[in-house]
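Each chain is listed here by its residues.
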Amino acid sequence: MSEKTPLLHYRLTTSSEPPDGSKRTGVKGGGHYRRSKDKAAQKLGALFGVVIPTLLSMFSVVVFLRVGFVVGQAGLYHSIAMLLVAYFIITMTVLSVCAISTNGALDAGGAYYMISRALGPEFGGSIGIMFFLANVCGSALYILGLVEAIVSTFGVPQESIAAGHHQVLPSGYWWALLYGTALLFLCFIVCLVGAHIYAKAIFVIFIIVMTVLASIFMSFFIMGPIVVILPHTSVLNTTSMSTANYTGFRLHTLEGNLFSNYTVDYTTGATMSFATVFAVLFNGCTGIMAGSNMSGDLKNPGYSIPRGTLAAVLITFITYSVLSLFAAWSCDRYLLQRDYSFLGDINILPPMVTVGIYASSLSAAMSNLIGASRVLYALSKDDLFGGVLALARKTSQSGNPWVSVLASWLLVQVVLFAGKLNTIAGIVTIFFLLVYAAVNLACLALEWASAPNFRPSFRFFTWHTCTLGILGCLVMIFLINAIYAFASIAFMLLLLMLIHYLGPISKWGYISQALIFHQVRKYLLMLDVRKDHVKFWRPQVLLMVANPRSCTGLMTFINDLKKGGLYVLGHVKLGLLDELPSDPLQSRYDSWLCLVDHLKIKAFVNLTLAHSVRHGVQNLLFISGFGGMRPNTLVLGFYDDCTPQDHLQGHILLSTGHSFDTVGSTKDPGEQRSPFFPSLRGAEEPKDLQEDEYVSVITDTVKMGKNVTLARYFDQFNRDQVLGSGRKTRGVTGPFIDVWPMNLLQPDSHGYVGICSLFLLQLACVLHDSRAWNQAKLRLFLCMEAGYSLQEKEEAKLQGMLRDLRISAQVQMVAWDQVVALHWQRQREWVGENLSESEPSTEDEKEHCIQKYPNNASQLTDEYICAVNDLICRHGTPQPAVRFLYLPHPPADRSRYRAYLHQVDLLSRNLGPTLLVHGVTPVVTTDI
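Criteria and cut-off values
- Residues numbered from 1 in each chain as written.
- Predicted model: local features only at pLDDT ≥ 70, side-chain atom pairs only at ≥ 80, totals over all residues.
- Heavy atoms only, no water.
- Helix = DSSP H or I, 4+ residues; strand = E, 2+ residues; numbered from the N terminus.
- Buried < 20%, exposed > 50% of the residue type's maximum accessible area, 1.4 Å probe, protein only.
- Areas by Shrake-Rupley, 256 points an atom, 1.4 Å probe, with all protein chains shown as cover.
- Axes fitted to C-alpha atoms, helices over the stretch in contact; angles between N-to-C directions.
- Parallel < 35°, antiparallel > 145°, perpendicular 65-115°, else oblique.
- Contact = heavy atoms within 4.5 Å.
- Nonpolar A, V, L, I, M, F, W, Y, C, P; charged D, E, K, R; others polar.
- Expected span 1.5 Å × (residues − 1).
- 1 Å grid on protein atoms, 1.4 Å probe; cavity = no way out; pocket = protein on both sides within 12 Å on 5 of 7 lines; lining within 4 Å.
- Points joined across faces, edges and corners; volume = space filled by probe spheres on them.
- Salt bridge = Lys/Arg side-chain N within 4 Å of Asp/Glu carboxyl O.
- Left-handed = near helix turned anticlockwise from the far one by under 90°.
- Phe/Tyr/Trp six-rings, centres within 6.5 Å; stacked < 30°, edge-to-face > 60°.
- Lys NZ or Arg CZ within 6 Å of the ring centre and 35° of its normal.
- Pairing = 2+ DSSP bridges.
- pLDDT = per-residue confidence, 0-100.
- Polar contact = N/O pair within 3.5 Å; in protein donor to acceptor, adjacent residues only side chain to side chain.
- Patch = residues over 30% accessible without salt bridge, like charges linked within 9 Å, V, L, I, M, F, W, Y side chains within 5 Å.
- Core = buried A, V, L, I, M, F, W, Y, C linked by side-chain atoms within 4.5 Å.

1. Quick word on the overall build of the chain
- Secondary structure assignment for the chain yields 32 helices and 15 strands.
- Buried positions account for 53% of the 928 residues belonging to the chain.
- Approximately 41,700 Å² of the chain is accessible, and the part contributed by carbon and sulfur atoms is 60%.

Here's what the structure looks like:
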């Protein structure tokens, strides 16, 4: 028998997903195990459950039609080398399959199920679609190959050659389509009836194939030398001899077939090479997933899958090797190169090989069809594509997914209309290789993640074998066809992105999280705080949130201020664990994380339980972060009498894993739940934090070497409105960031380059340099007295510092003689009241009095502070988006805490969004 087309060049068998009739059924009302009289027969051992399906999947028609072709083109040496390389790649993948399949029970879907549960829904779903399409096209390929084989033997030749008495079937495109449809319908009926019929069918086919192989090996010893008439069909215009010799086992024949002799393929006219011949051979080495797909039907999957799969791989390797040796030892090269079906010509019973080809082709087509239906059923159950695949979940009373079988059959029928699939055969092979590469990747990821629950009973694998399997599959992909390889990978990536953005969250666990945890832990250990340098300083912020309902604007603003640093949302729940039945924070954590998703901020959440807010903040400052990633700046909301406003009114937490959304965009009302945040404090209700305790928190933070920032009026901050105005029209001035680096509550200080002033300036620059705020304008205000002798020197010094620090800012000089005069007047009045009026006082005595009582002498009046506040307001035109003010150190005397807070309140009153900053750490340097 001859093969008329190169269709079988790229034929690839696939493992079939076993029918789940013996598994848990999909009967409505709850899953249960099918109870039948032959229940014991449904549980298979290693031989019938793994070895036989895998052998059938790996042998297929390649063993009958391509072994002689490989030896004839590549020679025995190259053929054995190809087998060693191919089986090395396959064995590496088999080791990964055995490892994953023995780490837990497998459900329907085979490779898709393993990959999706290991790598997550995105990777698993994209591979599942490719696996499904490859099975569909593979089934069509084998049906067409079987039709061509039948027509070649029994069809009426279209040439002028006289037809034999057995050539009675009409030939042509429509007749071939009719034959293919009939054969496909036979496969469809078998798969539609259920698992038991399919199992019996493949067992019968296995007996036939083994009988044919036995006759082939016997023929080499029984048949004597004969002359073989070569097939008439050839694309080569040649008048050379049409016969070749079968010599039997002869040494000179073996010597003539040892080395390669690549020629033109007589069916396609293409010149063969090592790569093209290797691709043909590799197709006969696949199908290794059949055993793992039968895990639900095995008595002991952990025992049967590794031993059965490896046994099948070993048997097929020995069979291919011995058959190659016998062919090279007994057939001259011309016979091997010009007759694909030479095994039938030299067989003691020639029809036996034809029967073997028919049986193996039918088995492969059936295997691909039922495999496609099981993958589709698994995809529908996982609901990765919403309601698109909802119908595919329907099953019969016995648990057979008949809708998936029907859909797969229809798609295969559509593909049959293509007639000949030479153009897509290569990409089908590549799809399967990508699946095998993904299995290796899944095993590699599980091994690298060092997950404690990854404990496969099969331990004969390492990350080296997984890596070699991945590389081998990728090399084969590009060796077969580089264009198809790029197209397949691009298609897989497109599916991956679609599922990532459109698919629902899964509950399978994500290997990416395990890998990230593993790597982050290692890098955190490498982040040595002793190697910190001021050049690489960045803000690492702990924002204390009393109730997130009232401060969403502040949370989004601080997200812009972090400059890629650590950002932690902290919250203190008042209470003692001793007085509670359980930790009240566990149930609230998910709501905080969903809020973070909704606000699209990159922040961690840290909640604590304490008997007071002060001790809770201390706890968070002590324990937040790890190693070199710890908060260095505390941000507090301002302590004032403003009534909190609810910015989450009417919002719903949506359990999609991706967002926090409103009711209007809800897709599944059953997945909604209200945000678990308490109601806001009313205007008359007492605060959890008193004034003295609030200032004590600031003092504690400074003692711990942390910077402090007080945020005020951020309930008025609308990020979209502020930043959107500068983006609408080019050339329009963006929002302003105003910086007042002087300690305005200590007017007798003239320094602008202290640690606190530079820290304040650095924070403003960090905000300005963020992507969202890069259109903003930075304005720096310097307060100077007209008679101040060092005014020009201070201004020049500041300009030089800005230049050295590469900070672009508009420096504005502010004359505040009238404002600061209020302070000097109050100081002179106090000195006059405390010195003796009977004796004239000297300047030295006045200075001595000021130094003796500095706090009293420099005590600020409300009039002065209000004047400073008015000065800031008058120089805030246009209105800035945010102001940065100097926050003085709290007084050492606790009795003055209320006065201190009152002064800061007057200073920042009605200024709009304002940050009062007190820095204690150096943050800038002029060094490279």
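2. Regarding the packing of helix α24 (residues 691-703) against helix α32 (residues 897-908)
- One way to put it is that α24 packs onto α32 with a least axis distance of 9 Å and a crossing angle of 80°. Here α24 lies roughly perpendicular to α32, going by the angle between them. Residue-level contacts link E691, D692, Y694, V695, S696 and T699 of α24 to Y897, R898, Y900 and L901 of α32.
- For the contact of α24 with α32, a count of residues per class yields five nonpolar, two polar and three charged.

3. Digging into helix α16 (residues 402-416)
- Helix length check: α16 (15 residues) gives 21 Å between terminal C-alpha atoms against 21 Å at 1.5 Å per residue, within 8%.
- For α16, the complete set of buried residues consists of V403, S404, V405, S408, W409, V412, Q413, V415 and L416.

4. Quick word on the layout of surface pockets
- By volume, the second largest pocket is sized at about 1,300 Å³.
- The wall of the second largest pocket is formed by 40 residues, among which V545, A546, N547, S550 and R681 lie closest to the centre.
- When contributions to the lining of the second largest pocket are tallied by element, the ones reaching two or more residues are β3 (541-544), β4 (567-574), α23 (613-623), β6 (633-637), α24 and β10 (707-712).
- Considering each element in turn, the lining of the second largest pocket owes the most residues, four residues, to β4.

5. Concerning the pattern of salt bridges
- Tallied over the entire structure, the rule returns nine salt bridges.
- Between R712 and D905 there is a salt bridge; the shortest N-O distance is 2.6 Å. With R712 in strand β10 and D905 in helix α32, this residue pair connects regions lying 193 residues apart in the sequence.
- We note a salt bridge from R909 to D905, for which the minimum N-O separation is 2.5 Å.
- Overall, the relative accessible area of 14% leaves D905 in the buried class.
- A cluster of three or more residues bridged by salt bridges with shared partners is formed by D640, R712, D905 and R909.

6. Notes on the packing of helix α7 (residues 173-193) against helix α15 (residues 351-382)
- Packing of α7 against α15 leaves a shortest axis separation of 10 Å and a crossing angle of 55°. It follows that α7 is oblique to α15 by the angle criterion. Crossing angle aside, the handedness with which α7 passes α15 is right-handed. Here L184, C187, F188, V190 and C191 of α7 come into contact with α15, specifically with L362, A365, M366, L369 and I370.

7. With respect to unusual backbone geometry
- Positive phi, close to 60°, is recorded for K600, a residue that is not glycine.
- Topologically, K600 is positioned in the loop between α22 (589-599) and β5 (604-610).
- With a phi close to 60°, N910 is a non-glycine residue in the positive phi region.
- Relative to the elements of secondary structure, N910 occurs in the loop between α32 and β15 (914-918).

8. Quick look at the packing of aromatic side chains
- Summed over the entire model, instances satisfying the criterion amount to 26 aromatic pairs.
- Where Y77 meets F259, the ring centres are 5.3 Å apart and the plane angle is 85°; that geometry is what we call edge-to-face. Placement of Y77 in helix α4 (residues 67-101) and of F259 in the loop between α9 (251-256) and α10 (274-282) is noted, with a sequence separation of 182 residues between them.
- Exposure remark for Y77: the relative accessible area of 46% places this residue in the partly exposed category.
- A residue is classified by how much of its surface remains accessible, and F259, at 54% relative accessible area, is exposed.
- Centre to centre, the rings of F131 and F432 are 5.9 Å apart; their planes meet at 90°, and the pair counts as edge-to-face. Taken together, the residues span a long stretch of sequence, with F131 in helix α6 (residues 121-154) and F432 in helix α17 (residues 422-449) at a distance of 301 residues.
- Owing to a relative accessible area of 2%, F131 belongs among the buried residues under this scheme.
- Counting every residue linked through ring pairs, the aromatic cluster contains F217, F220, F221, F249, F326 and W329.
- For R779, the ring lying beneath its charged end belongs to F736, and the centroid distance is 4.1 Å.

9. Side note on the pairing of strand β2 (residues 243-246)
- Burial of the side chains of β2 is restricted to one face: A244 and Y246 are buried, whereas none of T243 and N245 on the reverse face is.
- As defined by bridge partners, strand β1 (residues 226-229) adjoins β2 across four bridges and the pair is classed as antiparallel. Of the residues in β2, the one forming a bridge with I226 is Y246.

10. Focus: the sheet that holds β3
- Taken in spatial order, the ten strands of this open sheet run β5-β4-β3-β6-β10-β15-β14-β11-β12-β13, and their pairing is mixed. Of all strands in the sheet, those with a lone pairing partner are β5 and β13 (810-815), marking the two edges. The average angle at which neighbouring strand axes cross in this sheet is 25°, direction not considered.
- Where β4 meets β5, seven bridges bridge the pair, whose relative direction is parallel. Counterpart to L574 in the pairing with β5 is A610.

11. Some points on the side chain of T253
- Along the polypeptide, T253 turns up in helix α9.
- Overall, T253 belongs to the buried group, its relative accessible area being 6%.
- Excluding residues that lie within four positions of it along the chain, T253 makes contacts with T247, A328, W329, S330, C331 and D332.

12. Structural notes on the environment of I558
- With respect to the helices and strands, I558 occurs in helix α21 (residues 552-561).
- Residue class for I558 comes out buried when judged on its relative accessible area of 0%.
- Apart from residues lying up to four places away in sequence, I558 is in contact with V541, L543, Y567 and V635.

13. Describing the confidence of the model for the chain
- This prediction gives the chain a mean pLDDT of 77; 78% of its residues lie at or above 70.
- Residue range residues 653-674 is modelled with pLDDT below 50. Its contacts to residues more than four positions away, or to other chains, number 43 contacts.
- Considering only residues more than four positions removed or in separate chains, one finds that residues 726-732, a stretch of pLDDT under 50, has two contacts.

14. A closer look at the side chain of D700
- Within the fold, D700 resides in helix α24.
- For D700, a relative accessible area of 9% puts it in the buried group.
- Polar side-chain contacts of D700 include one of 2.8 Å to the side chain of Q618.

15. Here's the deal with α7
- The end-to-end C-alpha distance of α7, which contains 21 residues, comes to 30 Å, matching closely the 30 Å that a straight helix rising 1.5 Å per residue would cover.
- Of all the positions in α7, only L177, Y179, G180, L183, L184, C187, F188, V190 and C191 are classed as buried.

16. Some thoughts on a nonpolar patch on the surface
- A grouping of L47, F48, F203, V204 and I207 is seen on the molecular surface, where their side chains present a nonpolar patch of about 450 Å² in accessible area.
- When contributions to the nonpolar patch are tallied by element, the ones reaching two or more residues are α2 (46-59) and α8 (195-222).
- Among the elements that make up the nonpolar patch, the one with the highest residue count is α8 (three residues).
- Looking at the secondary structure, you find I207 in helix α8.

17. Details of the nonpolar core
- Grouped together as the largest cluster of nonpolar side chains are 151 residues, with contacts concentrated most on F64 and I216.
- No other element matches α4, which puts 19 residues into this core.
- Contacts of F64, omitting those with residues within four sequence positions, involve V209, V212, L213, I216, Y340, L343, V353, G356, I357 and S360.
- The next biggest cluster of nonpolar side chains, apart from the first, holds 58 residues, and it includes V541, W592, L607 and Y886.

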